[in-house]
Every structure is written in C-alpha cells, then in structure tokens.
Amino acid sequence: MVIATVRPGFVTSSAGISFGPRRGGPGAALTGLLLLAVALGVAGCQGREGQHAAGAVTTNQAGPSAVPADQTQAAEAQAVSFTMGTYAQIRATAATRTQAEKAVQAALAELDRLAAQVDRFRDDTQVAEINRHAGDGTWIRVSPDLVSMLLTARRVHEASHGAFDPTIAPLVDLWGFVETEETAPTEASTPESPLEGMGPTHLRGHRPPSQDAIAKLLSLVSFSDVEIDEAGRKVRLRRPGQALDLGGIAKGYAVAKAAEVLRRHGVTSALLDLGGNIYALGKKNSGEPWRAGVQDPRDPSSVIAIVPVADEALATSGDYERYFEYDGTRYSHLLDPHTGWPAGQVLSVTVITPDGGLGDALSTAAFVLGPVKGLELLESLPGVEGIFVLPDFSVKVTSGLKGKVELAGRGRWAP
Ligand code: ADP
Ligand code: MG
C-alpha cells in the first residue's frame, strides 16, 4: 500500500507554493499524466493510513507470488511525499526489499535537496538569493544543478525564440498565479483525507491586470540579462526588479535526477511522478514498457491518449493546472513572454525525452508557441517527441510517435 507522507502544514497552509498547482487529490490522482500501468491507489489508501513521518516507505513483493518480502527476492518499495510545492510518488523495484527501500528514500531526499535550491519563495534558496541581488552586481555562487538547469533554459529559450523565459517571474506575480491563503481552493483537506482539494488549482477572485501594468513589467522579462559564469558557478541578474522562476523546468529536472539516484541504488524498474512530471525507469516487472496516459484537459478522471515509455521523462504543460476565469475567459499560468498574456492555443502539451529538465522546459515552450510552431520546435530536436491536445480535443503528435500513440476517451486525430 502506498503511504501518504504529509509535511506539517501541508493540509492547510498553501502560501507561497512555487512549482505549480497542488495536485493529486482523490478525485484527481495524478493530474497531467495518468500512468495506467500503475495502480498507485493513492485515493484509496490515504484516508486510512493517515499521516506518517515524511519519507516513510512501504514494500511489496514483486512478481505474482504472495510470499512475504525477504532479502533474497526482488521487491518493490513505494512512497508518497510532498516536495517542490507538489506531490511526489515513487514506486521502485530492486533486488531486495532493503535495497528498494533505501533507493526510494534516497530519491525522495534528492527531490528535497533540489527543492532547497530552486524554490523562489523560500528565503534560503539559491534562486531567492539571485533574485534578492538582482541588479546590484553581486555574483551568487550556485550548485552544478542550477548551472545545468540554467544552461538548458538558455538552450530552450533560444530554440523557442523566447517562448520559454524563466525571467517571467514578475509577470507571474502580477497575474497572481501564486497560490495564497485567499486564492487557495476552498475544499480544504482534512487529516483523514490529506489530499482532498489537491487537484488542479482554479484560483478564485482573480481578474487580468491592466495592460499598463503588464507593459511596465514586460521590459524586465529578458533571459539575456541572466549572466551565467559556468566555470566559476556563479549567476546574477543584470537589472533591479528582475527575478527568476524555474517553475517551468525544475520539476522535470528533479524527477530525472531522482531516477538517476534510483539507478545508482540498483533499481531496475520504477515510476516517479512529481506533480505530473513523470519518469519511467526501465520497464514494468513484466518486461512490458510502461504505458502513460495523457490526461483529458477538461476531465481529470479520463485520458485522451496513451503512449508506451521506457527510460524517458514525460512533462505536461496544461491550461487546467493553474488558472482563473474572468468574464467567461480562462487565463492560465503559462504566459507568453512576448505579450505578457497567458498563451491559449492548445489545452496541453506533453513532451517525452530522456532529459527531464529539457522536456519540462520544452513542454512550457511548446504550449506557449502553440500547435504549429510548437510542433516544429519539437520536431527540430533529436530524441524529443510530443503530444498536443487542441481546443477541440483533437490530438497531434510528432513524427516519431506516429503509430505508437493510442487514442482514448474523447481523443481523435487532428486533421
Ligand atoms: P507546471 O509547473 O504547472 O507543471 P509547467 O512546467 O508548464 O507546468 O511550468 C509552468 C510554470 O512555469 C508557471 O507556473 C510559471 O512559474 C513558469 N512559467 C510560465 N510561463 C513561462 C514561460 N513562458 N517561460 C518559462 N516559465 C514560465
Ligand atoms: Mg514545463
């Protein structure tokens, strides 16, 4: 059984969540992508298990037999935790129970380690430090992970002609795509059901800012003002008022790093889900590839397409993850850095590639670019595939996925 690991304050406090929506409640277990192969069973298990110490892990015997887990047979460990403003689930198989449990613990620790570097709403992170010193000339010493994320960000920024730009932070704040006590969903969770209300975030009481206010901040959005001293591992922002937001790349990067940790611990098969950023390590214990379902953007309980994956990360950017409605129009948290307004040509984009950080950044970029230019971008990169869900629920895939993706639910092929 999956054990829910709940951080103190998780149930009620939602201020300053920085990496995207709270998700994964019973009604919407695994938003973004549903891993069909996995009976993660979060909804069913949470209530009874109640709250446990963070990082608690349980094991199952792998394979068909009901023999209790021991030290000689392959075994599976699972854990659920809360990190990076979202909900992480890991399920991993290794040679022994001890090995699987240690691996899962180490992978959760890896996620926490990265969260402690990139969360811009925590005072003590490297990103917060960079933002605090924007424009004052101070170089901030950063980790190799941060350098790596920023170099990937630069690559995607350039390849997307600016559609991906982590200096978007001032506009994200202006639009209010940051969850606060006031805007958090009202259906609060309870200790008996800790994940209640953790679905996609429909922000309340928001309205678009004035064009004037947008125009003023737009001049601060400029990734070329991020100075990266790669050899010296130092970073600074050129102008006062600028700020970095790695919400579009960090979860994908982190989930792939956590998968590396599992591999180093001898894990041969695993699934990791960090708020819809998924990594499928190896294959299922049966030897079949994992099958990932792309969520229906307007119905969290169904899937619209299914794709086989192995040793790949899947990142989804969707307009249903964090948004508000005003005057009948939906405004989502994915902003076009050229206009300062939410992008909205597609409902979701899922990117599949072994490099988790790259895939996450590309999913945001392709969402902003839309179905034509976004598809061109993904096609131009080797080893990168993608699935677009259009406003009429039609589905478009990159050429490498043709014949591999199955439609489901109300999905149909785009003409
Ligand atoms: P999520 O984090 O919701 O899973 P994404 O990976 O698409 O989804 O990242 C969205 C986050 O990225 C936003 O919450 C915001 O912090 C940031 N963001 C929004 N627009 C952009 C953009 N054009 N470029 C880079 N980051 C963006
Ligand atoms: Mg992204």
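What you see is a predicted model; the values in this text were computed from it and never measured.

1. A look at the confidence of the model for the chain
Then step 1. Per-residue confidence for the chain averages 83 on the pLDDT scale, and 77% of its residues sit at or above 70.
Then step 2. Considering only residues more than four positions removed or in separate chains, one finds that residues 1-54, a stretch of pLDDT under 50, has 162 contacts.
Then step 3. Predicted confidence for residues 185-199 stays below pLDDT 50, and this span has 47 contacts to residues more than four positions away or in other chains.

2. A look at the packing of helix 4 (residues 144-159) against helix 8 (residues 356-379)
Then step 1. One can describe the packing of helix 4 onto helix 8 by two numbers: an axis separation of 9 Å at closest approach and a directional angle of 5°. Taken together, the axes of helix 4 and helix 8 are roughly parallel relative to one another. Touching Met-149, Thr-152, Ala-153, Val-156 and Ala-159 of helix 4 are Gly-357, Leu-358, Ala-361, Leu-362, Ala-365 and Leu-377, all from helix 8.
Then step 2. A per-class count over the contact of helix 4 with helix 8 returns nine nonpolar, two polar and no charged.

3. Quick notes on the environment of Arg-263
Then step 1. In this fold, Arg-263 is placed in helix 7 (residues 250-264).
Then step 2. Arg-263 gets classed as partly exposed once you count the C-beta atoms within 10 Å, which come to 16.
Then step 3. Spatially, the C-alpha atoms of Arg-263 and Ala-92 are 9.7 Å apart, while their sequence positions differ by 171 residues.

4. Some points on the sheet that holds strand 14 (residues 322-326)
Consider a sheet: its strands pair through backbone hydrogen bonds, and that pairing is either parallel or antiparallel.
Then step 1. Strand order in the open sheet formed by three strands is 6-14-15, with mixed pairing between adjacent strands. Two strands in the sheet have a free side with no partner beyond their single neighbour: strand 6 (201-202) and strand 15 (329-332).
Then step 2. Strand direction decides the pairing type here: strand 14 and strand 15, joined by four bridges, are antiparallel. Among the inter-strand pairings, Tyr-323 is bridged to a residue of strand 15, identified as Ser-332.

5. Brief notes about the sheet that holds strand 7 (residues 226-229)
Then step 1. Strand order in the open sheet made by the three strands is 5-8-7, with antiparallel pairing throughout. Two strands close off the open sheet at either side, each with one partner strand: strand 5 (140-141) and strand 7.
Then step 2. Of the pairings in the sheet, the one linking strand 7 to strand 8 (residues 234-237) comprises four bridges and is antiparallel in character. The partner of Glu-227 across the bridge, within strand 8, is Arg-236.
Then step 3. Sheet contacts for helix 4: strand 7 and strand 8; angle to strand 7, the most-contacted strand, approximately 130°.

6. Description of unusual backbone geometry
Then step 1. Even without a glycine there, the phi angle at Arg-233 is positive, about 50°.
Then step 2. Mapped onto the fold, Arg-233 is located in the loop between strand 7 and strand 8.
Then step 3. A positive phi angle is found at Asp-327, which is not glycine, with a value near 55°.

Rules used in this analysis
Residues numbered from 1 in each chain as written. Chains lettered and ligands numbered in written order. Predicted model: local features only at pLDDT ≥ 70, side-chain atom pairs only at ≥ 80, totals over all residues. pLDDT = per-residue confidence, 0-100. Contact = placed C-beta atoms within 7 Å. Axes fitted to C-alpha atoms, helices over the stretch in contact; angles between N-to-C directions. Helix = DSSP H or I, 4+ residues; strand = E, 2+ residues; numbered from the N terminus. Parallel < 35°, antiparallel > 145°, perpendicular 65-115°, else oblique. Nonpolar A, V, L, I, M, F, W, Y, C, P; charged D, E, K, R; others polar. Buried ≥ 20, exposed ≤ 12 C-beta atoms within 10 Å, placed from the backbone. Pairing = 2+ DSSP bridges.

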